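# Reading the structure
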Amino acid sequence: MAMINKQVLLASRPTVEATVDNFRLVETPLPALAEGQVLVRNHYLSLDPYMRMRMNDAKSYAAPQALDTVMIGGTVGEVVDSKNAKFAVGDKVVGMGGWQQYSVVDGNLPGVMRKVDTTHVPLSAYLGAVGMPGVTAWYGLVKLCMPKPGETIVVSAASGAVGSAVGQLAKVRGCRAVGIAGGADKCRYVVEELGFDACVDYKQHRDAKSLDAALAEAAPNGIDGNFENVGGVILDAVLRRMNAFGRMALCGMISGYDGGAVPLSNPSLILTQRLRLEGFIVSEHMEVWPEALKELGGLVATGKLKYRESVAARIEEAPEAFLGLLKGKNFGKQLVKLI
Ligand code: NDP
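Residues numbered from 1 in each chain as written. Predicted model: local features only at pLDDT ≥ 70, side-chain atom pairs only at ≥ 80, totals over all residues. Heavy atoms only, no water.

## Focus: the side chain of Arg-41
- Residue placement: Arg-41 occurs in strand β3 (residues 37-46).
- One buried charged residue, Arg-41, remains without a salt bridge, the closest side chain of opposite sign being Glu-78 at 9.0 Å.
- In contact with Arg-41, not counting residues within four places along its chain, are Gly-77, Glu-78, Val-80, Gln-101, Tyr-102, Leu-338 and Ile-339. (Helix = DSSP H or I, 4+ residues; strand = E, 2+ residues; numbered from the N terminus. Buried < 20%, exposed > 50% of the residue type's maximum accessible area, 1.4 Å probe, protein only. Lys, Arg positive; Asp, Glu negative; His and termini not counted. Salt bridge = Lys/Arg side-chain N within 4 Å of Asp/Glu carboxyl O. Contact = heavy atoms within 4.5 Å.)

## Comments concerning the site of the ligand
- The ligand sits among 27 residues. The nearest are Lys-186, Tyr-202, Tyr-257, Val-282 and Asn-330.
- Taking Phe-280, its main chain carries an N or O atom lying 2.8 Å from a nitrogen atom of the ligand.
- Residue Leu-326 places a main-chain N or O atom 3.3 Å away from a nitrogen atom belonging to the ligand.
- Considering the ligand on its own, with 910 Å² of exposed area, one finds that the protein chains cover 91% of that surface.
- Its residues assigned to classes, the shell around the ligand shows 17 nonpolar, nine polar and one charged.
- Formed jointly, the shell around the ligand draws a minimum of three residues from each of two domains, domain 1 (4-127 + 308-337) and domain 2 (132-283). (Near = heavy atom within 4 Å. Polar contact = N/O pair within 3.5 Å; in protein donor to acceptor, adjacent residues only side chain to side chain. Areas by Shrake-Rupley, 256 points an atom, 1.4 Å probe, with all protein chains shown as cover. Nonpolar A, V, L, I, M, F, W, Y, C, P; charged D, E, K, R; others polar. Domains from an automatic or database assignment.)

## Some words on the sheet that holds strand β12 (residues 242-250)
- The sheet built from six strands is open, its strands ordered β10-β9-β8-β11-β12-β13 with parallel pairing. The open sheet has two edge strands with one neighbour each: β10 (198-201) and β13 (276-279). Looking at each pair of strands side by side, their axes are set apart by 15° on average, direction ignored.
- Pairing analysis gives four bridges linking strand β9 (residues 176-181) to β10, with the strands arranged parallel. Bridge pairing links Gly-179 to Cys-199 in β10. (Pairing = 2+ DSSP bridges. Axes fitted to C-alpha atoms, helices over the stretch in contact; angles between N-to-C directions.)

## Focus: the environment of Pro-14
- Here Pro-14 is to be found in the loop between β1 (4-10) and β2 (23-29).
- For Pro-14, a relative accessible area of 11% gives the class buried.
- Distance in space between the C-alpha atoms of Pro-14 and Asp-57 is 9.6 Å, their sequence separation being 43 residues.
- Among all residues touching Pro-14, those that are not within four sequence positions of it are Asn-22, Arg-52, Met-55 and Asn-56.

## Side note on unusual backbone geometry
- Of note in this structure, Met-146 is not a glycine but carries a positive phi near 45°.
- Positioned with a positive phi, Arg-274 is a non-glycine residue whose angle comes to about 50°.
- Here Arg-274 shows up in the loop between α7 (268-272) and β13.

## Some remarks on helix α2 (residues 132-145)
- In this model, α2 (14 residues) spans 18 Å end to end at C-alpha, consistent with the 20 Å of a helix rising 1.5 Å per residue.
- With 12 of 14 residues buried, α2 is to be regarded as a mostly interior element.
- When we look at burial in α2, the residues that qualify are Pro-133, Gly-134, Val-135, Thr-136, Ala-137, Trp-138, Tyr-139, Gly-140, Leu-141, Val-142, Leu-144 and Cys-145.
- Positive phi shows up at Met-146, right after α2, with a value of about 45°. (Expected span 1.5 Å × (residues − 1).)

## What about the pairing of β3?
- Burial of β3 is extensive: nine of the 10 residues sit out of reach of the surface.
- Bridge analysis of β3 against strand β6 (residues 102-106) gives five bridges, and the strand direction is antiparallel. Each residue of the ladder has a partner; that of Val-40, found in β6, is Ser-103.
- Both β3 and strand β4 (residues 75-82) contribute to a ladder of seven bridges, which runs antiparallel. When the bridges of β4 are listed, Tyr-44 appears paired with Val-76.
- With three bridges connecting them, β3 and strand β15 (residues 333-337) associate as antiparallel partners. If you follow Leu-45 over to β15, its bridge partner there is Val-336.

## Side note on the side chain of Asp-258
- By secondary structure assignment, the location of Asp-258 is in the loop between β12 and α7.
- Polar side-chain contacts of Asp-258 include one of 2.7 Å to the side chain of Arg-52.
- The contact partners of Asp-258, leaving out residues within four places of it in the chain, are Val-16, Glu-17, Ala-18, Arg-52, Leu-326 and Lys-327.

## A short note on the nonpolar core
- Counting residues in hydrophobic clusters, the biggest one holds 50 residues, and the most contacted among them are Val-130, Val-135 and Val-166.
- For this core, the secondary-structure elements that each account for two or more residues are α2, β8 (152-156), α3 (161-172), β9, α4 (184-193) and α8 (289-301).
- Residue contributions to this core peak at eight residues, all from α2.
- Mapping this core onto the domain boundaries places at least three of its residues in each of domain 1 (4-127 + 308-337) and domain 2 (132-283).
- Those residues within four positions of Val-135 in sequence are excluded, and the remaining contacts are Val-282, Val-288, Trp-289, Ala-292, Leu-293 and Leu-296. (Core = buried A, V, L, I, M, F, W, Y, C linked by side-chain atoms within 4.5 Å.)

Right, here's the structure in full:
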């Protein structure tokens, strides 16, 4: 009898906020493998903010997710059957397996799946600090913020998968690292565990005047590099404190992913402060991945790059965990355990 694969499909598109009704859990028999294919038992699924944009039928850097198909998503797992000489049973792999327990992968397609070494780096870290979020942090910081020792780097969503790596990589480069995060617990973690120099709890500073004062205290010499993950009032406050010739890496605008407007209140500061502002998509910079992964892997293996995970226990919990991520209920990299 064929084995059963639990999968989560995109059932409908959100009108404004995404809800659990936009997803559907199905049980599908696994097909027999064809020549060249590999069967992977996924151990962890990565939940990432970009998935929210794929749920919309709107113009973006990537095509929308088709309805009634398995939700897109990064996974790590173990090869359990193989008809491809490049992959053996027992190999640990990272790929885009999607929201499902098993994935059937064409092992000959370039770049769809790669083997990973779990001797010094835990398997799940290949979805976080030593995976796409880590490389995102590395690219935006190193290539766009171009940090120099003694400069101040600010990052929003600082306790999350990307933000936590940005601040720690900035510290390695001799910078002052300032986080912005939601809540006292997250801010304490960012400073005490991750070693940032300061963290502004934006939930404690709801109006612009109060947020400006908190940021001035956290970044007394102004801001030279901003790694933007949130947008809106947070970006406005950072912009007001940018030093002349500062650099801004536009990585994410999560405050608007559920459809709200994310206005920029004073873009003329970009001119008067002669700022450089650049958006980027990490998958379009594959040339930096080997260098970035080498540094990130080395730092994680030696305990110098710390990270935290929020782990949902079963695939059935993936939709709820994903909606929580969009509201800051996660604390660190949001994963779903699939085994
Ligand atoms: P996180 O682990 O940081 O989780 C998301 C965090 O965003 C939440 O925990 C919450 O933190 C914060 N957040 C959510 N809604 C709001 C809001 N309305 N206002 C302020 N903060 C909010 O996610 P990732 O590290 O995976 O992603 C961080 C950012 O990086 C996202 O914007 C994502 O889209 C972007 N990204 C971009 C990539 C690229 O190639 N450009 C690649 C990967 C990620 P808190 O509780 O502190 O508010």
